[in-house]
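Secondary and tertiary structure notes
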Amino acid sequence: QPPARRRERRLSGQRGEGSGSAGVVELLSETRAEVEGFDFTTCDPSDPDWELKASRVELDLDRGRGVARNARLDFKGVPIFYSPWLSFPLDDRRKSGFLYPRLGFSSDDGFDLSAPWYWNIAPNQDAAFTPRWIQDRGAMLGAQHRFLTPRQSGQLDLEVLPDDREEDASRYFAQFEYTASLARRWRFDANLRRASDENYFLDLGGDLADSALQFLRSSATLRGSGRTWSMSLSADTFQVLDETVSERREPYRRLPRLQLNVDRPLTAQLDF
């Protein structure tokens with residue numbers, strides 16, 4: 001027999017990091033419900049930064065998913081987005097779909113709009129693609145891919161502006177972070193970073209921390225150790241972004257650097 005349908009006047013509750021309330025709810029089972037007059041947030045419900053409101057919502061707690069009809073997203077009480085149909089997560093399980101857009105404005109570039117799309121590829125990897133439109137510069141695309149295995153982890157970030165109308169040039173930023181456990185007590189780490197020009201973060205960076213960068217450091221290191229010794233073979237180089245840094249103040253490149261440390265007891269009183 002299907003579970004009995006029951007109507008309630010009000011619903012308030014929490015699951016995972018989310019909380020919500022509704023005017024009327026139909027309980028289809030212990031984990032499924034249909035709701036009218038619904039609002040939902042993952043913020044503090046007494047003072048939420050954002051809320052999702054909808055005229056009707058279907059909730060499936062087993063799958064951790066909700067489907068809203070006539071949905072509206074409010075930020076600080078101001079409506080910023082409307083959709084006749086919207087799917088959203090109810091807990092911390094990852095879900096492919098659009099993330100919150102980002103909107104900005106500056107006197108130099110005009111309006112700046114980004115709309116990230118998240119792809120939940122597998123339990124151990126995901127990706128995000130971020131189309132971005134800058135009014136006075138043009139369209140650009142950002143991409144990020146992350147992966148994790150028992151012996152490796154990595155993240156690749158790439159941003160490309162094919163034709164910057166302000167600079168009449170193509171511009172990019174790329175970064176690759178990688179860690180691998182090669183064998184017992186042996187490890188490899190790499191962090192490679194490169195920008196198309198020294199003004200990339202001043203013009204296209206997302207915050208003040210980006211615009212204050214003086215150098216981009218790229219490095220790779222192989223490390224190993226034993227009972228009485230440790231060794232590392234590393235290399236690093238720097239891309240200078242700050243025009244005020246003179247040539248004699250630029251960091252040294254180390255291509256490569258070898259370190260060996262040995263600590264071995266010879267007798268009860270002597271160590272080497």
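Just above sits the structure.
This section reports on the structure supplied with the text.

About the thresholds
Residues numbered from 1 in each chain as written. Predicted model: local features only at pLDDT ≥ 70, side-chain atom pairs only at ≥ 80, totals over all residues. Heavy atoms only, no water. Helix = DSSP H or I, 4+ residues; strand = E, 2+ residues; numbered from the N terminus. Rg over C-alpha atoms; globule rule 2.2 N^0.38 Å. Contact = heavy atoms within 4.5 Å. Areas by Shrake-Rupley, 256 points an atom, 1.4 Å probe, with all protein chains shown as cover. Lys, Arg positive; Asp, Glu negative; His and termini not counted. Charge placed at Lys NZ, Arg CZ, Asp CG, Glu CD. Patch = residues over 30% accessible without salt bridge, like charges linked within 9 Å, V, L, I, M, F, W, Y side chains within 5 Å. Salt bridge = Lys/Arg side-chain N within 4 Å of Asp/Glu carboxyl O. Buried < 20%, exposed > 50% of the residue type's maximum accessible area, 1.4 Å probe, protein only. Pairing = 2+ DSSP bridges. Polar contact = N/O pair within 3.5 Å; in protein donor to acceptor, adjacent residues only side chain to side chain.

Moving on: the overall build of the chain. Scanning the chain from terminus to terminus reveals 2 helices and 19 strands. A globule of 272 residues ought to have a C-alpha radius of gyration of about 19 Å, yet the chain, at 26 Å, is considerably larger. Taking as baseline every contact in the chain between residues at least 6 positions apart, the subset at least 24 positions apart corresponds to 36%. For the chain, the exposed surface amounts to about 18100 Å²; the carbon and sulfur share of it is 53%. Distance between charge centres in the chain, computed from 38 positive and 43 negative side chains, equals 8 Å.

On to a negative patch on the surface, then. Taken together, Asp108, Asp163, Glu166, Glu167 and Asp168 make up a surface patch of like negative charges. Examined against the element boundaries, Asp168 turns out to sit in the loop between strand S14 (152–164) and strand S15 (169–183). Judged by relative accessible area, Asp168 falls into the exposed class, the value being 67%.

The next point concerns unusual backbone geometry. Cis rather than trans, the peptide bond between Leu255 and Pro256 has omega equal to 0°. Relative to the assigned elements, Pro256 resides in strand S19 (residues 254–262). One non-glycine residue, Lys76, lies in the positive phi region at around 55°. Note on placement: Lys76 falls in the loop between strand S6 (65–75) and strand S7 (78–89). Backbone geometry places Asp168, a non-glycine residue, at a positive phi of 55°.

What follows concerns the pairing of S6. Looking at chain direction, strand S5 (residues 50–60) and S6 are connected through 10 bridges and run antiparallel. Bridge assignment links Val57 to a residue of S6, and that residue is Ala68. In this structure, the hairpin formed by S5 and S6 is closed by a connection of 4 residues, where Gly64 is found at a positive phi of approximately 70°. By the bridge criterion, 10 bridges tie S6 to S7 in an arrangement that is antiparallel. Considered in S7, the bridge of Ala68 is made with Leu86.

Our focus in this paragraph is the side chain of Asp74. Note on placement: Asp74 falls in strand S6. A polar contact of 2.8 Å, which involves the side chain of Asp74, links it to the side chain of Arg72. The residues contacting Asp74, other than those within four sequence positions of it, are Asp49, Trp50, Glu51, Lys53 and Pro79.

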